[in-house]
Amino acid sequence: MAKKKTSTLSDSLPAVPAHDTVCTLLHLPEETASALDEALSLQAETLSPFDEDDTTAAWEIVGKHNGVITVYLAVASNDALSVTWHDTLRDRGQLASVRLEATPLCWLEALPERDPALREGQTLVLLRTARETLLILFAHGRAVALRGLAPTVLDAEISREAMRLLTQAALENLLDDSPLTGVCYTTTPNIAGVLADFTVTTPREVLFTDDEAEHLLQKALRRRSDAKKTFDLTPQIWRDEARANRMRHTTIVVGVFFGLIWSAAALALFLLPKYYAQRAKDTALRIQAHRTAYNDVVDLQERVGLILRYQDRRFSALEMLRLVCAAKASDMTFLSATYRQKQSLRLTGQCGDTSGVYAFKESVQKDERIKEVRINRLAQDAKTRQQRFDIDILFVTESEDE
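This is a predicted model, so every value here is computed, not measured.

K.L.:
Could you give an account of empty space enclosed by the protein, naming the residues involved and the relevant values?
P.N.:
Evaluated as defined, the whole model comprises one cavity of 30 Å³ or more. Reported here for the largest cavity is a volume of approximately 40 Å³. Lining the largest cavity, in full, are Thr24, Leu25, Val144, Ala145, Leu146, Arg147 and Gln168. For the lining of the largest cavity, the elements supplying multiple residues, two or more each, are β2 (22–29) and β8 (142–149). Here the lining of the largest cavity takes four residues from β8, the largest share from any one element.

This is the structure we're talking about:
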């Protein structure tokens, strides 16, 4: 099956090869840990061949052993970084939002993972890919020295740098009496011979393709990104530019947002009066169209009400007289009757005794049309010895009847 093509520079995680920087592995006492940033800032100024204002430095602790801290320090020119990465990251919208990693840090993790033999003894490693050429000296699994060269460097230059690397390691007592072996990780065969003069055995040669090399690098980059490593060669000027871009973008978004709100408010103020005026006009037209039918309905309702009221004789004078005549006692005589239509009936009269008057009241009160029966006067007439009475009978009103 065909192998998947490597990611291009535009969609891979950003990383700066060693030959585009001035880099080294420093071995410092653990006592310097409390002032490490200050010490490494001074070391970066000493190491840098660039103008101070055009420089970005970054470092990371890569190991601790026997009271010694091993630190990877890299210094890069802002102009050189901009040529390769500025426009690419800006176009991707990642300027100063993703770390600008160093490839040697990735290889220091990826190579021992791929080849566990590097964790034993002392090994001089030559890594040669389409991106770069690296010389790394491992002592019992720890990287103690490295050199970064261009991918097109000649074998003679590799040999000279290997000699300098080993000489420096010997002067700094980074090597012991263990035999030195060699390994070449390369995309071009038959280059292991450049290390043959420095190792006790013939160096091993491990071949892989450019795609495989890029895959290993990107895998290490992603792992370091997920682990939130702090090494970052992003220049401060890029951070300032990214901050200004964010502020400009925020200003534009806020401006557009309030512009839309203002436009919507202005449009509403212009259209709403016309809209409601049109609605009022339409409503008036509908009312006018139904006015005749409405008036006819109202007139018909009034006529029906009149007919119903006329037909309703429950509270008529005749019905009320029938009610009181049916309820009066045999010895009760009515002397006068005053009728108020659908409101009340007032009676005056006389009766043989008071019990007949009260019996009359109770009998009339039982009728559902009667709201209340009031005996306003009940007294004995001195001449006739009859009980004279005045009674008000109040009818239930139409609203109460409903």
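K.L.:
I'd like a description of the packing of helix α3 (residues 103–114) against helix α5 (residues 210–226), backed by residues and values.
P.N.:
As a packed pair, α3 and α5 sit with axes 9 Å apart at the nearest point and diverge in direction by 105°. Relative to α5, the element α3 is oriented roughly perpendicular. Counting all contacts with α3, which are made through Thr103, Leu105, Cys106, Trp107, Glu109, Ala110, Glu113 and Arg114, the residues of α5 involved are Ala213, Leu216, Leu217, Lys219, Ala220, Leu221, Arg223 and Arg224. For the contact of α3 with α5, the class distribution of residues is nine nonpolar, one polar and six charged.

K.L.:
How would you explain a nonpolar patch on the surface if you had to name every residue and give the values?
P.N.:
A cluster of nonpolar side chains, contributed by Val254, Phe257, Phe258 and Ile261, occupies part of the molecular surface with about 380 Å² of accessible area. Inspection of the secondary structure assignment puts Phe257 in helix α6 (residues 236–311). Classification of Phe257 by relative accessible area gives partly exposed; the value is 47%.

Definitions and limits used
Residues numbered from 1 in each chain as written. Predicted model: local features only at pLDDT ≥ 70, side-chain atom pairs only at ≥ 80, totals over all residues. Heavy atoms only, no water. 1 Å grid on protein atoms, 1.4 Å probe; cavity = no way out; pocket = protein on both sides within 12 Å on 5 of 7 lines; lining within 4 Å. Points joined across faces, edges and corners; volume = space filled by probe spheres on them. Helix = DSSP H or I, 4+ residues; strand = E, 2+ residues; numbered from the N terminus. Axes fitted to C-alpha atoms, helices over the stretch in contact; angles between N-to-C directions. Parallel < 35°, antiparallel > 145°, perpendicular 65-115°, else oblique. Contact = heavy atoms within 4.5 Å. Nonpolar A, V, L, I, M, F, W, Y, C, P; charged D, E, K, R; others polar. Patch = residues over 30% accessible without salt bridge, like charges linked within 9 Å, V, L, I, M, F, W, Y side chains within 5 Å. Areas by Shrake-Rupley, 256 points an atom, 1.4 Å probe, with all protein chains shown as cover. Salt bridge = Lys/Arg side-chain N within 4 Å of Asp/Glu carboxyl O. Buried < 20%, exposed > 50% of the residue type's maximum accessible area, 1.4 Å probe, protein only.

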